[in-house]
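A closer look at the structure
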Amino acid sequence: MATATKTVSEEEEEVTTVKVNGSAVNGVPPVFTSSRELKVVFVLGGPGSGKGTQCSKIVETFGFVHLSAGDLLRAEIKSGNENGNMIQNMIKEGKIVPAEVTVKLLQKAMEESENDKFLIDGFPRNEENRAIFESVTGIEPQFILFFDCPEQEMERRLLGRNQGRVDDNIETIRKRFKVFVESSIPVVDYYETSGKVNKIDATKSVDKVFDSIRPLFDCFNHVSSNGYEEELTEAIKQHNINGSAVAITN
Ligand SMILES: Nc1ncnc2c1ncn2[C@@H]1O[C@H](COP(=O)(O)OP(=O)(O)O)[C@@H](O)[C@H]1O
Ligand SMILES: Nc1ccn([C@H]2C[C@H](O)[C@@H](COP(=O)(O)OP(=O)(O)O)O2)c(=O)n1
């Protein structure tokens, strides 16, 4: 007689469903253990372009969880963890922390959350970030928000941010801009080839920037009978048609 009881191997199979997209790094298979269908949006842009500000608004309106890679790293410094000194020194120098450290923090935060929609802010910041995240979690982002803002404006905003950050001084800011152009823009270019990048003119007011982002997230609240994927594809198409005709920074 057929029974509804699941075998141990069937249960194991369920727990590993998000692993299937992951490819092995050096022969090591992906290790993410969530059984949920996670939806991830990467939020990229230069330092001070307004990523964190807009993420807070998206969280309020669309119920995403905001995971700022920078905030997670700063929390790690405060926690007194053995990596703290190394992270602190790299941030002070405007350098990018090794991906294994950052991916582990993001992975832990996602596993501990009960939500299934994540805004990952300030990540992936280089090719190593991107490749290791993909291999470990098997997650492909729904899309990328790319905040386009001239350096002069970002510098003005960072110098006025006033959060007591060790890296918001002119010397480190210049280093961060260089790293952004050399290491982060290539990641944006990578996603550009699969049509996932939604460029946002970040020079406008906070409310105007949010107005331009909003249609990309509406589908997560108003799912039509076709499912959110079709709505999202249409929203991305419209965004690109109306698209802010702004040049990639530098
Ligand atoms: N559209 C905007 N116009 C003017 N200032 C802004 C805008 N968005 C953010 N800011 C301010 O600029 C600074 C940097 O913004 P933040 O969101 O922290 O940037 P990021 O997370 O990209 O580093 C903050 O002081 C913030 O209040
Ligand atoms: N993926 C990441 C994100 C941030 N970091 C480090 C290096 C960055 O200069 C600092 C600050 O990043 P954060 O995203 O908080 O701030 P900015 O966008 O530079 O304003 O953290 C990292 O090493 N790797």
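Read on for an overview of the structure. Sequence positions are assigned chain by chain, starting from 1 and proceeding in written order. Here chains are named by letter from A upward and ligands by number from 1 upward, in the order in which they appear as written. Owing to the predicted nature of the model, reporting of local features is limited to residues with pLDDT of at least 70; listing and counting of side-chain atom pairs is limited to 80 or more, with chain, interface and lining totals taken over all residues. In computing side-chain values, all of the structure's heavy atoms are included and hydrogens and water are not.

Some details on the site of ligand 2
To be explicit about the condition: The criterion for a residue being near a molecule or strand is simple. One of its heavy atoms has to lie within 4 Å of it. Under this definition, polar contacts are N or O atom pairs within 3.5 Å; protein pairs additionally need one hydrogen-donor-capable and one acceptor-capable atom, and for neighbouring residues in sequence, both atoms have to be side-chain atoms. Each accessible area is a Shrake-Rupley estimate made with a 1.4 Å probe; only the visible protein chains count as cover when residues are assessed. As defined here, a cavity is a set of points on a 1 Å grid over the protein atoms alone where a 1.4 Å probe fits but cannot get out. A pocket is an open set with protein on both sides within 12 Å along at least five of seven lines, and residues line them when an atom is within 4 Å of a point. Think of it this way: a molecule belongs to a cavity or pocket when more than half its atoms come within 2 Å of the grid points there. Only DSSP runs of H or I with at least four residues qualify as helices, and only runs of E with at least two residues qualify as strands; both kinds are numbered from the N terminus onward. Residues are sorted three ways: Asp, Glu, Lys and Arg are charged, Ala, Val, Leu, Ile, Met, Phe, Trp, Tyr, Cys and Pro are nonpolar, and all the rest, Gly among them, are polar.
Surveying the vicinity of ligand 2 reveals 19 residues, the closest of which are Lys 51, Arg 74, Val 97, Arg 125 and Arg 176. At 3.0 Å, a side-chain N or O of Asn 129 approaches a nitrogen atom of ligand 2. Within the side chain of Arg 165, one N or O atom sits 3.1 Å away from an oxygen atom of ligand 2. Taking 510 Å² as the accessible area of ligand 2 by itself, protein coverage stands at 97%. For ligand 2, the cavity whose grid points lie within 2 Å of the majority of its atoms is the largest pocket. With four residues, the single largest contributor to the shell around ligand 2 is helix 3 (residues 69–78). Per-class residue counts for the shell around ligand 2 are seven nonpolar, four polar and eight charged.

Side note on the packing of helix 9 (residues 206–221) against helix 10 (residues 228–242)
Geometrically, a packed helix pair is captured by the angle between its two axes and the distance between the axes. Inclusion rule: Comment: axis = line fitted to C-alpha atoms, over the contacting stretch for helices; angle = value between 0 and 180 degrees taken between N-to-C directions. With respect to orientation, any angle under 35 degrees is reported as roughly parallel, any angle over 145 as roughly antiparallel, any angle of 65 to 115 as roughly perpendicular, and every other angle as oblique. Each helix crossing is assigned a hand: it is left-handed if the near helix lies turned anticlockwise from the far helix by less than a right angle, otherwise right-handed if that turn is clockwise. Two residues form a contact once any of their heavy atoms are found within 4.5 Å.
Packing of helix 9 against helix 10 brings their axes to within 7 Å, and their N-to-C directions diverge by 165 degrees. The angle between helix 9 and helix 10 places the two elements in the roughly antiparallel class. Considering only the axes of helix 9 and helix 10, their crossing is right-handed. In this structure, helix 9 uses Ser 212, Pro 215, Leu 216, Cys 219 and Phe 220 to contact helix 10, whose residues at the interface are Tyr 228, Glu 231, Leu 232, Ala 235, Ile 236 and His 239. Residues belonging to the contact of helix 9 with helix 10 are distributed by class as follows: eight nonpolar, two polar and one charged.

Re helix 7 (residues 151–159)
Threshold: Buried, partly exposed and exposed residues are distinguished by accessible area as a fraction of the type maximum, computed with a 1.4 Å probe on protein chains only: under 20%, between the cut-offs, and over 50%, respectively.
Of all the positions in helix 7, only Glu 153, Met 154, Glu 155 and Leu 158 are classed as buried. Where helix 7 is buried, its residues contact helix 8 (170–192).

What about the packing of aromatic side chains?
Here a ring pair, both rings aromatic, is described through the centre-centre distance and the interplanar angle of the planes. For clarity, the cut-off: We call Phe, Tyr and Trp rings a pair once their centres come within 6.5 Å, taking the six-membered ring for Trp, and we label the pair stacked below 30 degrees between planes, edge-to-face above 60, and tilted otherwise.
Following the criterion strictly, the structure yields twelve aromatic pairs and no others. Note on Phe 42 and Phe 133: the rings are 5.5 Å apart at their centroids and 70 degrees apart in plane angle, and the pair reads as edge-to-face. Remark: Phe 133 occurs in helix 6 (residues 127–137) and Phe 42 occurs in strand 1 (residues 39–45); sequence separation between them is 91 residues. For Phe 42, a relative accessible area of 2% gives the class buried. Both rings, one in Phe 220 and one in Tyr 228, keep their centres 5.4 Å apart while their planes meet at 35 degrees; by these two values the pair is tilted. Just as Phe 220 is buried, Tyr 228 falls in that class too.

So, the layout of surface pockets
Where we set the bar: Grid points are joined across faces, edges and corners, and a volume is the space filled by probe spheres set on the points.
Counted as a void, the largest pocket has a volume near 840 Å³. Considering the residues around the largest pocket, the lining is formed by 42 residues, among which Lys 51, Arg 125, Arg 161, Arg 165 and Arg 176 are closest to the centre. Elements with a contribution of two residues or more to the lining of the largest pocket: helix 2 (51–62), strand 2 (65–68), helix 3, helix 4 (84–92), helix 7, helix 8 and helix 9. Within the lining of the largest pocket, the residues separate by chemical class into 15 nonpolar, 15 polar and twelve charged.

Thoughts on empty space enclosed by the protein
If you walk through the whole model with that rule in mind, you get one cavity of 30 Å³ or more. Approximately 40 Å³ is the volume found for the largest cavity. Lining the largest cavity are Leu 44, Gly 45, Lys 51, Gly 122, Arg 125, Phe 180 and Ser 184. Broken down by class, the residue content of the lining of the largest cavity amounts to two nonpolar, three polar and two charged.

Focus on the site of ligand 1
Inspection of the region around ligand 1 gives Gly 46, Gly 48, Ser 49, Gly 50, Lys 51, Gly 52, Thr 53, Arg 157, Arg 161, Lys 204, Ser 205 and Val 206 as its neighbouring residues. Within the backbone of Gly 50, one N or O atom sits 3.0 Å away from an oxygen atom of ligand 1. For ligand 1, a nitrogen atom lies 3.5 Å from a polar atom in the backbone of Val 206. At a threshold of 2 Å from the grid points, most atoms of ligand 1 map onto the largest pocket.

Geometry only, nothing functional implied.
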